[in-house]
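Residues per chain are reported as follows:
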Amino acid sequence: IDQFIWAPLAFGSYDIPVATLLNGASIRRVPSEIRSKLGGMLLSNAMVWTPANLIIYTVPPIYRVGTSNLVDILWQSLMADVAADCGADADVEEKSESRGVNIDADPQPVRQ
């Protein structure tokens, strides 16, 4: 239930939008970031937590919290990588457009 109900809601309504905005992208960029990142995040979620839960619930109860925490460290590392990429493409485009700068143009030497 967690992977099919909670994960899409949490990723799509909190994780991706917040990371996109914190990386400096505009709010208009959020829907396209959700569309581009949500599928990969859900697939990664299933690939990490399905086998992890099989392992976690087969270890003795005394080790379950520690085992879950080890997997969570891996998971948070993956999510930090995704969060760092949210809004990154739009950042350069939006800044150059807002300043009227063409980043593809040949640089002109400065004369003193």
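Here, every reference points to the structure presented above.
Residues numbered from 1 in each chain as written. Predicted model: local features only at pLDDT ≥ 70, side-chain atom pairs only at ≥ 80, totals over all residues. Heavy atoms only, no water.

Visitor: I'd like a description of the pattern of salt bridges, backed by residues and values.
Guide: Per the stated rule, a full pass over the model turns up two salt bridges. Across the salt bridge formed by E33 and R29, the nearest N and O atoms sit 2.9 Å from each other. Overall, the relative accessible area of 2% leaves E33 in the buried class. Here R29 falls in the partly exposed class, since its relative accessible area comes to 22%. A salt bridge links K37 to E33, with the nearest nitrogen and oxygen atoms 3.6 Å apart. (Salt bridge = Lys/Arg side-chain N within 4 Å of Asp/Glu carboxyl O. Buried < 20%, exposed > 50% of the residue type's maximum accessible area, 1.4 Å probe, protein only.)

Visitor: Residues and numbers for the side chain of T20, please.
Guide: In this fold, T20 is placed in helix α1 (residues 2–22). On the accessibility criterion, T20 (0% relative accessible area) is buried. A polar atom in the side chain of T20 sits 2.7 Å from the backbone oxygen of I16. With residues up to four places along the chain from it excluded, the contact list for T20 reads A25, R29, V30, E33, C86 and G87. (Helix = DSSP H or I, 4+ residues; strand = E, 2+ residues; numbered from the N terminus. Polar contact = N/O pair within 3.5 Å; in protein donor to acceptor, adjacent residues only side chain to side chain. Contact = heavy atoms within 4.5 Å.)

Visitor: I'd like to hear about the nonpolar core, residue by residue, with values.
Guide: Counting residues in each nonpolar core, the largest one holds 15 residues, and the members touching the most others are F11, M41, W49 and W75. Among the secondary structure elements, those contributing two or more residues to this core are α1, α2 (30–56) and α3 (61–85). For this core, the leading source of residues is α2, giving six residues. Among residues more than four places away in sequence, those in contact with M41 are F11, D15, I16, W75, M79 and V82. (Core = buried A, V, L, I, M, F, W, Y, C linked by side-chain atoms within 4.5 Å.)

Visitor: Please set out the packing of α2 against α3 residue by residue, giving values where relevant.
Guide: Orientation of α2 relative to α3, taken along the N-to-C sense of each, is 165°, at an axis distance of 11 Å. The angle between α2 and α3 falls in the class roughly antiparallel. Classified by chirality, the crossing of α3 by α2 is right-handed. Residue-level inspection shows E33, K37, M41, S44, N45, V48, W49, A52, I55 and I56 of α2 in contact with α3, the latter providing R64, T67, S68, V71, D72, L74, W75, L78, M79, V82 and D85. The residue inventory of the contact of α2 with α3, partitioned by class, reads 12 nonpolar, four polar and five charged. (Axes fitted to C-alpha atoms, helices over the stretch in contact; angles between N-to-C directions. Parallel < 35°, antiparallel > 145°, perpendicular 65-115°, else oblique. Left-handed = near helix turned anticlockwise from the far one by under 90°. Nonpolar A, V, L, I, M, F, W, Y, C, P; charged D, E, K, R; others polar.)

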